[in-house]
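Fold and contact review
Chain by chain, the residues:
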Amino acid sequence: MSTVSIIKYYFNLFLAYSTYFFQYAINIFADYPAEIKVAVIVTVLCIILILIMFFALLALSHSEKKKKKLVQRFEKKFGPGMDYMLSDEAEKRMSKSEIAVVFGIDPENVGKEILKNKREKEAFIDVFYLRFITEKSDYANRDNITSLLYLFDVPNFLEKEVSLRSMRKKVRYMGMIRTFKLPISPWVINKLLSSKYLRVQRLAMYSNIMLSSDSDLDYFETDFFDKHCCIKDEIELAYSLQRRRNNGRKLPNLARWANLQKNESSQCMFVRLMRRFQELEYCEQLTELYKTQPRKKKLIEEISRTWGYLHYTEGERLLIDALLTQPDDTKVAIMHALTRFATGKALDALLEGFQNTTNPHVRFEALRCMYNYGRKGRALFRKLEKEAKESDKKFFDFFNNPITLDKIGLDKEQAYHPSVETVYNG
Amino acid sequence: MWIIIYYIFCYLVFGYTMLLMFSYLYLVFMSHRAQGHISINIPDDETIKYFLKGSPLTPAVSIIAPAFNEEVTILDNVNSLMNIDYPNFEIIIVNDASTDRTMELLINEYKLVEVPYDIAMKVQSKPIKRVLKSTEEKYSKLVVVDKEHGGKKADGSNAGINVCSNKYFVCTDVDCIIEPMALYRMMWLVVNSHRPMIGVSATMLMSNGCIVEDGRVVEAAVPNTLVPMFQQLEYLRSFLISKLGWSSINALPNISGGFGLFDTDVAVKSGGYDPTSMAEDVDMLLRMVTYMKNTGQDFRLAQVPKVCCWTEGPGNVKTLCRQRIRWARGLFEIISNHRKLFFNPHYGPIGALVLPYIFVFEFIAPILELTGFLFMIWLIFTGGVNWDSAIILFGMIYIFSVFMSIFVIFFDYSAKAVEWHNRKISYLKLMLVTFLEPFFYHPIITYCSNMGYWQFISNQTSVWKPIQRRGVKKKK
């Protein structure tokens, strides 16, 4: 008898017994009022569910045990080979048969199916995946890794699972394809891109970006993100673009994408990515965005930071003009950008930034910028320190304490978010 | 006339019970759905780490831990917090004017010196006396705030919020043992959310019975004594069914004060913690929701279905009663202070569904149970009990409560919410208490809830006494 028919047999038996028990219980209470009948039905149902869960627990535990044993066996059998493939020794390009020897496989068997069934393939992938998600994998020879995975028929297996299986498996294996940087057929990509499920769509998109060398990435030629942009999108996109750059390819025009998006958070994302990948040549294209959308406070902040970070000094005039008209947080971003330019033209603007506000945070940041603004800025700072009113003296204490002074320099500030080390809390 | 009243009461209670059971089933269904959804979105810990560790976009977090007279454990606890695996965080220890050597130990161990500060009191707290930082680079994550005595954890937390410089903060107790991956698990939900995440609740369990090494739980185990064992099961039910279920419809009613993540800006704009409240965590969350709804902003609240934090719970009935009486008072206070949210669809599913649920099934249930118990005694003495029906009804409730507990065990097993050291023993213990809980634990909780309500109504002053810690087992 096959396993399916055994399961069917026991399932029918279980169904027959439960129906019998159910009818028996109800018959006993046939003369009782309705609420008692309801109580009996609920009780019997609960008992059946408890029994089902109990047996499911046993079955789960059994299958887990089996899987654990298999994983342990593969750890022993293939673990050393995997470690070798991720080590410096495997830096050279290796052929499939060389890789096979590393894993103790007869080179004659290359091209044949080494892992027998789905369970073995799953266990192999799990063992390798956990090894792969380490810093080591960044330095490993990627061609060797791809060959290794092909040797064990992993890419075909993953692609099949992704195109056929449940959403959970789709996401899991799509994630692995993306992490292993494995090529995937265009029809699977297209199928996933049209999925209703956002996460699958995104994974497909980022895999495509990561793998295709000539793709024009036309997703972003429209208002792609609409309202659905999250930090994870930015992380994924950054990884994909980094990979492109590592492969020696030019990055697409991020400023153009920023201009094409309508949603502020998507626009900010592309501007931040410009900063991260130091795309100075496209900074000019942000000018229009800066001029036409002055009310988008976060966007103005990000553009100012990007210009400052990339030393796009052509934007200095615009920033100086906008300084006093912007809200406090944006003012701080603009002042930091002006300080990074350090052209000597913005000293008056910084002084105005200090004097024309009552917000202590902005005042402190203005002083901090002056302090870091070359010799002239430092001289102005000292002058203000001498003439400081009693209420302002607290600001200057931060510049005299070695611990806080250490964090005053703008070079300590990270490109993406303020440093976690607090300088001023006002 | 009495007969009619008697029948109305009986059918009302029966209807109430059926509705309660139905609502539990609904939560079971919702939590299962949420778990399915989360398991699609949350990969394994290693993948989360792979993405977040190397990215400069990973949001920074401030961990706020108020401390009062913690000289025995403070250094271990701060070291435990320092060992958290996350790329970008600061630790703010708020010393609530301890009268023992807490401050002295901190200063000597971490080479702390005073730094200038000019803290804007964004939320209400007692004045800050000084802010200290370490002169050593390896402790640069640590900020110690020394403040005047506020007497409440909420006051200390507020002082921490005032000092906090990051977009997100985690509020915890200084004696909580935090899982190394906790922040990654919580922040993964934040970075994956397409709507602004204003709060993330983490699953918290009892550390009684666990073995701890270097401030980390190395062997997670179910406690060996009955009272903590009952609580372990209750915590599992609360986090994995109730909170997870509600979070799936964005209606999480509570983020535990023991370990919860909040958006700093929203928390500040909502006024932070209320030091006068008995349930400051629920109170703040409801004010945050009110603020977001009143200003027309979209938001998200989420629950992490994996254990993130371990805390030592009451080890005996006396301490348990004290804690539960305080919780019951807190519930009463929440219901009276936030009554405008109840049955109010303007506040979304929290106002329209969850708070009414809490009122009807959590607040009223203990009162109804006590009434039912007294009624039963009266019926026994007057010979009015139909024993066959009584046993069947009691059997239904008993089996249903066992079903709920077995479900949570099953859920825990399949979702791998807790990595128990010895799974067989742990699950056997939990199954055992499942059968005992309705007889021993539940009556105590009902008694405490009614006592708490009575104390609130009669305006009795409550003195908050911290739980006597026995300490966790350390690995030799």
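Residues numbered from 1 in each chain as written. Chains lettered and ligands numbered in written order. Predicted model: local features only at pLDDT ≥ 70, side-chain atom pairs only at ≥ 80, totals over all residues.

1. So, the overall build of chain A
A count of helices and strands for chain A gives 22 helices and 0 strands. Computed over C-alpha atoms, the radius of gyration of chain A comes to 32 Å, more than 25% over the 22 Å expected from 2.2 N^0.38 for 426 residues, which places it beyond the range of a compact globule. Considering only C-alpha atoms, chain A reaches an extent of 95 × 75 × 45 Å along its principal axes. In chain A, of all internal contacts separated by at least 6 residues, the share reaching a separation of at least 24 is 66%. (Helix = DSSP H or I, 4+ residues; strand = E, 2+ residues; numbered from the N terminus. Rg over C-alpha atoms; globule rule 2.2 N^0.38 Å. Contact = placed C-beta atoms within 7 Å.)

2. Details of the overall build of chain B
Counting its secondary structure elements, chain B contains 13 helices and 13 strands. Against the globule reference of 23 Å for 476 residues, chain B gives a C-alpha radius of gyration of 23 Å, in line with a compact fold. The principal-axis extents of the C-alpha atoms in chain B amount to approximately 80 × 45 × 45 Å. For chain B, the residues scored as buried account for 47% of the 476 residues in total. For chain B, the share of sequence-separated contacts (at least 6 apart) that also reach a separation of at least 24 residues comes to 80%. (Buried ≥ 20, exposed ≤ 12 C-beta atoms within 10 Å, placed from the backbone.)

3. As for the environment of I235 of chain A
Secondary-structure assignment places I235 of chain A in helix 11 (residues 231-246). Classification of I235 of chain A by C-beta neighbours within 10 Å gives buried; the count is 20. Remark: the alpha-carbon pair of I235 of chain A and L273 of chain A, spanning 38 residues in sequence, is separated by 9.7 Å. Excluding its chain neighbours within four sequence positions, the residues that come into contact with I235 of chain A are F51, S55, L57 and V191 of chain B.

4. Some remarks on the nonpolar core
Core analysis: the biggest nonpolar cluster contains 228 residues, and L350 of chain A together with I64, I92, I93, M186 and C308 of chain B have the highest contact counts within it. Non-local contacts of M186 of chain B, meaning those with residues more than four positions away in its chain, are made with V200, A202, L261, V304 and C308 of chain B. (Core = buried A, V, L, I, M, F, W, Y, C linked by C-beta atoms within 7 Å.)

5. Some points on the interface of chain B and chain A
Counting residues at the interface gives 49 residues for chain B, matched by 47 residues for chain A. Those elements that provide at least two residues to the side of chain B that touches chain A are helix 1 (2-41), helix 2 (45-53), strand 2 (89-95), strand 3 (112-115), helix 6 (182-192) and helix 12 (387-415) of chain B. If you tally residues by element for the side of chain B that touches chain A, the top one is helix 12 of chain B, at 14 residues.

6. Observations regarding the packing of helix 2 (residues 34-85) of chain A against helix 4 (residues 118-132) of chain A
Residues and elements named next belong to chain A. Contact geometry of helix 2 with helix 4 gives a least axis separation of 9 Å together with a crossing angle of 55°. Taken together, the axis directions place helix 2 and helix 4 in an arrangement best described as oblique. At the point where helix 2 passes helix 4, the crossing takes the right-handed sense. Taking contact as the criterion, the partners of K67, L70, V71, F74, E75, F78, G79 and M82 in helix 2 are, on helix 4, R119, E120, A123, F124, D126, V127, F128 and R131. Broken down by class, the residue content of the contact of helix 2 with helix 4 amounts to 9 nonpolar, 1 polar and 6 charged. (Axes fitted to C-alpha atoms, helices over the stretch in contact; angles between N-to-C directions. Parallel < 35°, antiparallel > 145°, perpendicular 65-115°, else oblique. Left-handed = near helix turned anticlockwise from the far one by under 90°. Nonpolar A, V, L, I, M, F, W, Y, C, P; charged D, E, K, R; others polar.)

7. Describing the pairing of strand 1 (residues 61-67) of chain B
Residue and element names in this part refer to chain B. With respect to burial, strand 1 is a largely interior element, 7 of its 7 residues being buried. Going residue by residue along strand 1, you find V61, I63, A65 and A67 tucked away on one face and S62, I64 and P66 tucked away on the opposite face as well. As paired strands, strand 1 and strand 6 (residues 168-172) are joined by 4 bridges and run parallel to one another. From the neighbouring strand, I64 faces strand 6, where its bridge partner is C171. Where strand 1 meets strand 2, 7 bridges bridge the pair, whose relative direction is parallel. Directly across from I63, in strand 2, lies its bridge partner I91. Each parallel crossover has a hand, and for strand 1 linked through helix 3 (residues 74-82) to strand 2 it is right-handed. (Pairing = 2+ DSSP bridges. Right-handed = clockwise from strand over helix to strand, strands pointing away.)

8. Topic: helix 13 (residues 264-276) of chain A
Residue and element names in this part refer to chain A. The terminal C-alpha atoms of helix 13, which comprises 13 residues, lie 18 Å apart, in line with the 18 Å expected from a rise of 1.5 Å per residue. Most of helix 13 is tucked away, with 11 of its 13 residues classed as buried. Of the positions making up helix 13, those classed as buried are S266, Q267, C268, M269, F270, V271, R272, L273, M274, R275 and R276. Packed against the buried residues of helix 13 are helix 11, helix 12 (254-260), helix 14 (286-292) and helix 15 (297-310). Directly beyond the C-terminal end of helix 13, a positive phi value near 50° is found at Q278. (Expected span 1.5 Å × (residues − 1).)

9. Re the sheet that holds strand 2 of chain B
Paired through backbone hydrogen bonds, the strands of a sheet run either parallel or antiparallel to each other. Residue and element names in this part refer to chain B. Taken in spatial order, the 10 strands line up as 3-4-5-2-1-6-11-8-12-7 in an open sheet, and their pairing is mixed. At either margin of the open sheet sits one strand with a lone partner, and together these are strand 3 and strand 7 (177-178). One ladder, built from 9 bridges, connects strand 8 (residues 197-206) with strand 12 (residues 300-311); its direction is parallel. Residue pairing for strand 12: V200 is matched across the bridge by A302. Strand contacts of helix 6: strand 1, strand 2, strand 6, strand 7, strand 8, strand 11 (259-263) and strand 12, with the helix running at about 175° to strand 12, the strand carrying the most contacts.

10. Focus: the confidence of the model for chain B
Residues of chain B with pLDDT of at least 70 account for 96%, and the chain-wide mean is 88. Model confidence for the complex: the whole-complex pTM is 0.87, and ipTM, which rates the interface, is 0.84. (pLDDT = per-residue confidence, 0-100.)

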